[in-house]
Amino acid sequence: MKEYLETIVRKEEINLDLINIDEMLQFMLQNIGNPDAYLRDDLIYRGFCELILNEKLTVEQLVVLLNTCMDDEHLYLNISHNDPSDDVFTRSFSALVIALILGKDRENRKLPEALILETIQRSVDYLKLEKDYRGFVNSKGWAHAVAHGSDLLAEAIAHPLMKDLHLCHKALQSLKSCLHTDYAFIDKEEARMLPVIDALLDKGLTDEQLLAWLKELHEIEIDEWHMKYRYEWNVKKFEATLLRHLLKTNKCLLTTNWIIKN
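As the structure is a prediction and not an experimental result, all values here were calculated from the model.

Check the secondary structure of the protein and you find 12 helices and 2 strands. Element order for the protein, N to C, with α for helix and β for strand: α-α-α-α-α-α-β-β-α-α-α-α-α-α. Whereas a compact globule of 262 residues would reach a radius of gyration of roughly 18 Å, the protein reaches 19 Å, a difference of no more than 12%. Scored against the burial criterion, the 262 residues of the protein give a buried share of 54%. In the protein, of all internal contacts separated by at least 6 residues, the share reaching a separation of at least 24 is 72%. Accessible surface for the protein amounts to roughly 12800 Å². Of this, 50% is attributable to carbon and sulfur atoms. Measuring between centres, the 31 positive side-chain charges of the protein sit 5 Å from its 44 negative side-chain charges.

For helix α9 (residues 189–202), a buried count of 10 out of 14 residues is recorded, marking the element as mostly surrounded by other parts of the structure. The complete set of buried residues in α9 reads E189, E190, M193, L194, V196, I197, D198, A199, L200 and L201. Just past α9, the residue G204 takes up positive phi, approximately 115 degrees.

Our next topic: a nonpolar patch on the surface. A cluster of nonpolar side chains, I186, W225, Y229 and W233, forms an exposed patch at the surface whose accessible area comes to about 520 Å². Structurally, the position occupied by W233 is in helix α11 (residues 225–249).

Close approach of charged atoms allows side chains with opposite charge to pair. This structure, assessed with the given rule, holds 14 salt bridges. E55 is paired through a salt bridge with K110; the nearest N and O atoms lie 3.8 Å apart. On the criterion of sequence distance, the pair formed by E55 in the loop between α3 (37–53) and α4 (59–69) and K110 in the loop between α5 (87–107) and α6 (113–129) is long-range, its members being 55 residues apart. K110 gets classed as partly exposed once you look at its relative accessible area, which sits at 45%. As a salt-bridge pair, R192 and D151 come within 2.6 Å of each other at their nearest N and O atoms. Residue R192 is found in helix α9, and its partner D151 is found in helix α7 (residues 145–158); the two are separated by 41 residues along the sequence. Among the charged side chains, a salt-bridge network with shared partners connects E55, K104, E107 and K110.

Time to look at the packing of α3 against α5. Two measures define how a pair of helices packs: the angle their axes make with one another and the distance between the axes. Contact geometry for α3 and α5: axes closest at 10 Å, N-to-C directions at 15 degrees. Taken together, the axes of α3 and α5 lie roughly parallel to each other. Relative to α5, the crossing made by α3 is right-handed. Here α3 contributes R40, D41, Y45, F48, C49, I52 and L53 to the contact with α5, which in turn contributes F89, F93, L96, V97, L100, I101 and K104.

Calculation criteria
- Residues numbered from 1 in each chain as written.
- Predicted model: local features only at pLDDT ≥ 70, side-chain atom pairs only at ≥ 80, totals over all residues.
- Heavy atoms only, no water.
- Helix = DSSP H or I, 4+ residues; strand = E, 2+ residues; numbered from the N terminus.
- Rg over C-alpha atoms; globule rule 2.2 N^0.38 Å.
- Buried < 20%, exposed > 50% of the residue type's maximum accessible area, 1.4 Å probe, protein only.
- Contact = heavy atoms within 4.5 Å.
- Areas by Shrake-Rupley, 256 points an atom, 1.4 Å probe, with all protein chains shown as cover.
- Lys, Arg positive; Asp, Glu negative; His and termini not counted.
- Charge placed at Lys NZ, Arg CZ, Asp CG, Glu CD.
- Patch = residues over 30% accessible without salt bridge, like charges linked within 9 Å, V, L, I, M, F, W, Y side chains within 5 Å.
- Salt bridge = Lys/Arg side-chain N within 4 Å of Asp/Glu carboxyl O.
- Axes fitted to C-alpha atoms, helices over the stretch in contact; angles between N-to-C directions.
- Parallel < 35°, antiparallel > 145°, perpendicular 65-115°, else oblique.
- Left-handed = near helix turned anticlockwise from the far one by under 90°.

What follows is the structure in structure tokens.
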């Protein structure tokens, strides 16, 4: 299977009719969170990109893939465990594959509405539940659950079936839960959150609502000084990144001016 995947990601000519795609998908799902970065990131994830974005999978295969990636053995695998483990790779890369499927379905609606609605709900909940905030893991590569979860959250919000304003509010709370942590983000996680904000603005989030949420981020009621310092680091880093983005895109003048003045 690795040889086939290497051929696919190199974009070489290959007759997919000669490959049992169902068997390949099973292999890819079984190894979606493999600690081997080359297999997980360079072959399996990029293989999913080629197959999904170039529409090489049937609707039936996409349904199976989506149902599997968002289940409790993939996107939610041991998510309630507090200690960091390799399970984060399964969760994080399942999030990326779901984001690919949602993005493609946003362009070309083919998947069942009920399945997409369930996916949107689980995608919004995921980032709030994820507590393994590691970015790059030595010898194993990128975990980056916050970045990948943000990619997923942005696609979930941008999907045309996402019409629940309550879920939009939950999305902001998911971002807040990531920023209000004593793990200091150093791998550009805050930049990956910006598409979530853009997607929310496109769905009707107002400048006033964004500002209210941003002010809420600064309400840190923690006594332990170092933990509070880390919270403030994450919030200030996100705020600075957001400011540059708003100035560049000329969005949300109220929020922009407040950040500049404060």
